[in-house]
Amino acid sequence: MLRAWVEIDLDVVARNVEKLRAHAGAGIKFMAVVKSDAYGYGLLPVARAALAGGADWLAVANVDEGIALRSAGVHAPILVFGKTAHERVGDVVKHSLAQAVWDREAVTVIAAAASAMGREAVVHVDVDTGMGMTGVLPHEAVDLCAFIKSQDKVRLGGVFTHLANADSADMVRNRAQMQRYTGVLETLKAKGIDPGIRHACNTGGTASFRDAFFDMVRSGCGIHGMWPFPFENVVGVEESMSIKARVEFVKAVRSGSTVSYGSTHTCATDSVIAGVWLGYGQGLPRALANRAAVLVRGRPAPVIGTVCMNRFAVDVTGIPGVQEWDEVAICGRQGDSSLTLTGTAMKAGVGVAEFLVPYMVPRVYRGKLAVEMGLATDGGQTCRAGTGPGAGGEEGPE
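Let me begin by describing the structure that accompanies this report.

Cut-offs used in this document
Residues numbered from 1 in each chain as written. Predicted model: local features only at pLDDT ≥ 70, side-chain atom pairs only at ≥ 80, totals over all residues. Heavy atoms only, no water. Core = buried A, V, L, I, M, F, W, Y, C linked by side-chain atoms within 4.5 Å. Buried < 20%, exposed > 50% of the residue type's maximum accessible area, 1.4 Å probe, protein only. Contact = heavy atoms within 4.5 Å. Salt bridge = Lys/Arg side-chain N within 4 Å of Asp/Glu carboxyl O. Helix = DSSP H or I, 4+ residues; strand = E, 2+ residues; numbered from the N terminus. Phe/Tyr/Trp six-rings, centres within 6.5 Å; stacked < 30°, edge-to-face > 60°. Lys NZ or Arg CZ within 6 Å of the ring centre and 35° of its normal. 1 Å grid on protein atoms, 1.4 Å probe; cavity = no way out; pocket = protein on both sides within 12 Å on 5 of 7 lines; lining within 4 Å. Points joined across faces, edges and corners; volume = space filled by probe spheres on them. Nonpolar A, V, L, I, M, F, W, Y, C, P; charged D, E, K, R; others polar. Axes fitted to C-alpha atoms, helices over the stretch in contact; angles between N-to-C directions. Parallel < 35°, antiparallel > 145°, perpendicular 65-115°, else oblique. Left-handed = near helix turned anticlockwise from the far one by under 90°.

Concerning the nonpolar core
Phase 1 of the analysis: Residues Val34, Val125, Phe312 and Ile330 are the most contacted members of the largest nonpolar core, which totals 129 residues.
Phase 2 of the analysis: Not counting residues within four places of it along the chain, the set of residues in contact with isoleucine 330 comprises Ile243, Lys244, Ala245, Leu278, Leu284, Ala293, Val294, Phe312, Leu339, Thr344 and Phe355.
Phase 3 of the analysis: With six residues, the next largest nonpolar core counts Val253, Val259, Ile273 and Ile304 among its residues.

Observations concerning the pattern of salt bridges
Phase 1 of the analysis: Under the criterion given, the structure shown has 15 salt bridges.
Phase 2 of the analysis: Across the pair glutamate 7 and arginine 366 runs a salt bridge whose closest N-O atoms are separated by 3.0 Å. Residue glutamate 7 is located in strand β1 (residues 4-9), and its partner arginine 366 is located in strand β19 (residues 363-366); the two are separated by 359 residues in the primary sequence.
Phase 3 of the analysis: Of the residues examined, glutamate 7 reaches a relative accessible area of 9% and is grouped as buried.
Phase 4 of the analysis: Classification of arginine 366 as partly exposed rests on a relative accessible area of 26%.
Phase 5 of the analysis: Between arginine 363 and aspartate 37 there is a salt bridge, and its shortest N-O distance comes to 3.0 Å.

Some remarks on unusual backbone geometry
Phase 1 of the analysis: Positive phi, close to 70°, is recorded for serine 260, a residue that is not glycine.
Phase 2 of the analysis: Within the secondary structure, serine 260 sits in the loop between β11 (258-259) and β12 (265-266).
Phase 3 of the analysis: A positive phi angle is found at serine 263, which is not glycine, with a value near 50°.
Phase 4 of the analysis: Under the relative-accessibility criterion, serine 263 is labelled partly exposed at 40%.

Some points on the packing of aromatic side chains
Phase 1 of the analysis: This model, assessed by the stated rule, comprises five aromatic pairs.
Phase 2 of the analysis: Here the aromatic rings of phenylalanine 81 and phenylalanine 160 are separated by 6.0 Å at their centres, their planes lie at 45°, and the arrangement is tilted. You can see phenylalanine 81 sitting in the loop between β4 (78-80) and α5 (89-94) and its partner phenylalanine 160 sitting in strand β7 (residues 154-160), a full 79 residues away along the chain. For the pair phenylalanine 81 and phenylalanine 160, one class covers both residues: buried.
Phase 3 of the analysis: Look at tryptophan 227 and phenylalanine 231: their rings are 6.4 Å apart centre to centre, the planes differ by 85°, and that puts the pair in the edge-to-face class.
Phase 4 of the analysis: Judged by its relative accessible area of 9%, tryptophan 227 is buried.
Phase 5 of the analysis: Three or more aromatic residues joined by ring pairs form one cluster here, namely Trp227, Phe229 and Phe231.
Phase 6 of the analysis: Its guanidinium or amino end placed over the ring of tryptophan 277, arginine 3 lies 4.0 Å from that ring's centre, counting from NZ or CZ.

A short note on empty space enclosed by the protein
Phase 1 of the analysis: In this structure the tally under the stated criterion is one cavity of 30 Å³ or more.
Phase 2 of the analysis: Its boundaries defined by the atoms lining it, the largest cavity holds a volume of some 50 Å³.
Phase 3 of the analysis: Lining the largest cavity are Lys83, Thr84, Val89, Gln99, Ala100, Val101, Ala106 and Ile110.
Phase 4 of the analysis: Elements supplying a minimum of two residues to the lining of the largest cavity: β5 (98-101) and α6 (104-117).
Phase 5 of the analysis: For the lining of the largest cavity, the element with the most residues is β5, which contributes three residues.
Phase 6 of the analysis: When its residues are assigned to classes, the lining of the largest cavity shows five nonpolar, two polar and one charged.

A closer look at the environment of asparagine 310
Phase 1 of the analysis: Tracing the chain through its elements places asparagine 310 in the loop between β15 (299-304) and β16 (312-315).
Phase 2 of the analysis: Among the residues examined, asparagine 310 registers a relative accessible area of 35% and is labelled partly exposed.
Phase 3 of the analysis: For asparagine 310 and glycine 281, which are 29 residues apart along the polypeptide, the C-alpha to C-alpha distance reads 5.9 Å.
Phase 4 of the analysis: Ignoring any residue separated from it by four or fewer positions in sequence, one finds asparagine 310 in contact with Val276, Trp277, Leu278, Gly279 and Gln282.

Here's the deal with the environment of valine 159
Phase 1 of the analysis: One can find valine 159 in strand β7.
Phase 2 of the analysis: The sequence separation of valine 159 and isoleucine 273 amounts to 114 residues, and the corresponding C-alpha distance is 55 Å.
Phase 3 of the analysis: Setting aside chain neighbours within four positions, we find valine 159 in contact with Val125, Val127, Cys145, Tyr181, Leu185, Leu188, Pro195, Ile197, Arg198 and His199.

Side note on the packing of helix α3 (residues 43-52) against helix α4 (residues 63-71)
Phase 1 of the analysis: Interaxial distance between α3 and α4 falls to 10 Å at its minimum, and their mutual angle equals 65°. Comparing the axis directions of α3 and α4 gives the class roughly perpendicular. The two elements α3 and α4 cross, and the hand of that crossing is right-handed. Along the contact surface, α3 presents Leu43, Leu44 and Ala47, while α4 presents Glu65, Ala68 and Leu69.
Phase 2 of the analysis: Looking at the contact of α3 with α4 residue by residue, the class counts come to five nonpolar, no polar and one charged.

The following block contains the structure:
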């Protein structure tokens, strides 16, 4: 019996891609961002579900994730966001991966590898218009694109940027970034340089900034239905995951008793507490302590005391019949009740990208697509390992 696990409904992932793609509109391509093991939910299953939902492109954190997809028979275009070490560039070319670049050195190394292999390499230029992380600065971007066009075995497949404030209702910074980005595109056009696919919007931008759709939009957290934004879920995406664990023990304590490290919770009355088999060692945010609630027997139970490495405590005083091995839903559905991951994260004061538990617990796949992929039993679920290639990819809410 599993002590803690994450359920992912692959049919919901596919439906979310369909909704995001329809929201973007006809003629706009859709890139499903499956970096960092698809946000911890399984690189290959989620990628296949996204493609089933109509994704045109996939994006990964590193070359190893791209190779894993190709080795599994995925033929869709794949963009590698992270820089690839010089000694691994041959793998990018060999497996027909598009590589994000932002300097001449990377282009030169890719060109040499492509020439040696007698193949064409594809690159997308990453323009830093305000993210302040990767990317070539706007005033240097056109020269880099021109340099790429001068290489025999390298094709400029796209020019993109990343919105740093797409999760904000304040559009001033977003519009300033778009002015810098469109300035680059206008100069490229004036010089007769085709930028290839133009893309700028992540999930937040796709939801709120239609002027920045260009040729393609990207979404990572959105394909899982995570909605960490202050604006309405106009796309109608649904959360695809449930995070669950089991009760380890049930214990009656007297009024005045304290719970867990630091004695951060004191029971105001005689109480019944339950320990749950999940902790920060498996990825559960410690910020849940004394803030959030979980579901036990379909009823909310507040998290009390400090979250430990392998367990946390909840107050089940008002929930009759709780016993060892009962299911606990940290988020997701239990009976007629449900808690969203987004809502739980907000109560804890953490970003949804920080609230990804699957790295250290098994994954369970549900839905018709899971059955078709051979990932599910007749009951529509099965367990898979908790980690995958590239699970430590770069941060950033796509």
